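# Overview (structure and organization)
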Amino acid sequence: MRYLHLDPSFTPYGKSIEFEAFVFNGGEPHIKILEQNIEDSVTITHRINSFNDLGLLMIATDALRRMGIKVINVCIPYFPAARQDRVMVSGESLSVKVYADIINAQQYDQVTVFDPHSEVTPALLDNVKVIENYEFVKQCLKHIKEEVILVSPDGGALKKIYKVSEFLGGVEVIECSKKRDVKTGQLSGFRVYEEDLKGKHCVIVDDICDGGGTFLGLAKALQEKNAGTLSLIISHGIFSKGIEELSQCFETIFTTNSFRDIEEEGVVQIPVLR
Ligand SMILES: O=P(O)(O)OC[C@H]1O[C@@H](O)[C@H](O)[C@@H]1O
């Protein structure tokens, strides 16, 4: 198996097939595979942060097919728009399906994704392989080195967190909820379904941290219920508003490199693929 790592700073399986990529002045991504006679199967990896990243993946796939590569797998740990898996208000797109249709049209032999937001992503993708967050959470808890309780931030995360707990041998789970205004995106009404957390170390586990509002609101609600140290385990760290404010609430923020590299203090980044 050969690997084509389209993001030069994301090279999980070692050496990449050599290539040159650039964007034409008209905005079109372009690629030139520099090696000839690649007779093997190829796994393409990429971190999709924009539609042009998806474009690069598409043209790389086309280039490989034109070189006669028959077996092509793709590994995109952060599946774009996995969160947009329902139409909440009329006029919105079902974006996850748009991305899934584009990926399916490439007829990859395997599509690997990591901890997708819901069951909708794997249901839509052909030949999908899902890497669950269980091992990642286990690695994070090894850093914490004390007894913790797992916190599910909302209904969406609930099903997954019980599976994580089971994998870890039955760690206690606390359920929480929040309200998001579907029109404005505004968060409110954080609730913790436990009266007294008795100073225990609470670890929130979720798939994505974007602006961080979910976790700042929840941290406050947990503190009001007598939580001890707080930590955060996030599979896909976007952190669009930085981590400064989050760092003031959470002792450690754990994430992977599925979306981007993070070098700030207070963040432990564990490679998503080894
Ligand atoms: O509050 P921010 O960080 O913006 O958004 C993250 C939350 O939004 C959801 O899709 C994620 O699953 C997570 O619960």
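Residues numbered from 1 in each chain as written. Predicted model: local features only at pLDDT ≥ 70, side-chain atom pairs only at ≥ 80, totals over all residues. Heavy atoms only, no water.

The name given to the protein in an unreviewed UniProt entry is Ribose-phosphate pyrophosphokinase, with the source organism recorded as Aquimarina algiphila. Per its UniProt entry, the protein bears the Sequence similarities (unreviewed entry) comment "Belongs to the ribose-phosphate pyrophosphokinase family." (UniProt positions renumbered as here; feature names shortened; annotations may be inferred.)

Not every one of the 15 residues close to the ligand is listed here, only the nearest: Asp206, Asp207, Asp210, Gly212 and Thr214. In this structure, an oxygen atom belonging to the ligand sits 2.5 Å away from a side-chain N or O atom of Asp207. In the model, an oxygen atom of the ligand is placed 2.5 Å from a nitrogen or oxygen of the Thr214 side chain. For the ligand, the accessible surface in isolation is 370 Å², of which the surrounding protein chains cover 89%. Among the secondary structure elements, those contributing two or more residues to the shell around the ligand are strand S9 (173-180), strand S11 (201-209) and helix H6 (213-224). Top element by residues in the shell around the ligand is S11. It accounts for 4 residues. (Near = heavy atom within 4 Å. Polar contact = N/O pair within 3.5 Å; in protein donor to acceptor, adjacent residues only side chain to side chain. Areas by Shrake-Rupley, 256 points an atom, 1.4 Å probe, with all protein chains shown as cover. Helix = DSSP H or I, 4+ residues; strand = E, 2+ residues; numbered from the N terminus.)

Attention now moves to the UniProt feature "domain: Phosphoribosyltransferase" (unreviewed entry) in the protein. Sequence positions flagged by UniProt for "domain: Phosphoribosyltransferase" (unreviewed entry) are, in local numbering, residues 138-233. Helix and strand shares over residues 138-233 are 33% and 33% respectively, and the end C-alpha atoms of the span are 10 Å apart.

If you look at soluble globular proteins, the nonpolar side chains tend to sit buried side by side. In terms of nonpolar packing, the biggest core is built from 31 residues, with Leu4, Ile44, Leu57, Phe79 and Ile103 touching the most fellow members. Within the residue set of this core, elements represented by two or more residues are strand S3 (29-33), strand S4 (42-45), helix H1 (51-66), strand S5 (72-75), helix H2 (95-105) and strand S6 (110-114). Among the elements that line this core, the one with the most residues is H1, at 7 residues. What Ile44 contacts, discounting residues up to four positions off in sequence, is Leu4, Leu6, Leu57, Thr61, Leu64, Ile72, Asn73, Val74 and Cys75. Formed by 26 residues, the second largest nonpolar core is a distinct cluster that contains Ile174, Leu197, Cys202 and Phe250. (Core = buried A, V, L, I, M, F, W, Y, C linked by side-chain atoms within 4.5 Å. Buried < 20%, exposed > 50% of the residue type's maximum accessible area, 1.4 Å probe, protein only. Contact = heavy atoms within 4.5 Å.)

A few words now on the sheet that holds S9. What the 7 strands build is an open sheet, ordered S10-S9-S8-S11-S12-S13-S14; its pairing is mixed. At either margin of the open sheet sits one strand with a lone partner, and together these are strand S10 (187-192) and strand S14 (267-270). Averaged over neighbouring strand pairs, the angle between their axes works out to 25 degrees when direction is ignored. The sheet contact formed by strand S13 (residues 253-256) and S14 spans 4 bridges and is parallel. Each residue of the ladder has a partner; that of Phe254, found in S14, is Val268. In the packing of helix H5 (residues 155-167) onto the sheet, the strands contacted are strand S8 (148-152), S9 and S11, and the crossing angle to S8 comes to about 150 degrees. Running over the sheet, H6 touches S8, S9, S10, S11 and strand S12 (230-237) and is turned about 40 degrees from S10. (Pairing = 2+ DSSP bridges. Axes fitted to C-alpha atoms, helices over the stretch in contact; angles between N-to-C directions.)

So, on to the pattern of salt bridges. For the structure on display, the rule yields 12 salt bridges. The partner of Asp261 in a salt bridge is Arg47, and the shortest N-O contact between them spans 3.1 Å. Of the two residues, Asp261 sits in the loop between S13 and S14 while Arg47 sits in the loop between S4 and H1, which places them 214 residues apart along the sequence. Its relative accessible area of 35% is what places Asp261 among the partly exposed residues. The exposure class of Arg47 is buried, given its relative accessible area of 4%. In this structure, Lys159 engages Glu119 in a salt bridge whose closest nitrogen and oxygen atoms are separated by 3.0 Å. Here Lys159 is found in helix H5, whereas its partner Glu119 is found in the loop between S6 and helix H3 (120-124), with 40 residues between them in sequence. (Salt bridge = Lys/Arg side-chain N within 4 Å of Asp/Glu carboxyl O.)

Once that is clear, we can look at the domain arrangement of the protein. Partitioning the protein into domains gives domain 1 (2-131) and domain 2 (134-270). Put simply, the middle of domain 1 and the middle of domain 2, counted by C-alpha atoms, are 28 Å apart. Listed by partner, the interface residues are 15 residues for domain 1 and 18 residues for domain 2. Of the roughly 1,500 Å² buried at the junction of domain 1 and domain 2 (both faces included), carbon and sulfur atoms supply 53%. (Domains from an automatic or database assignment. Buried area = accessible area lost by both parts, 1.4 Å probe.)

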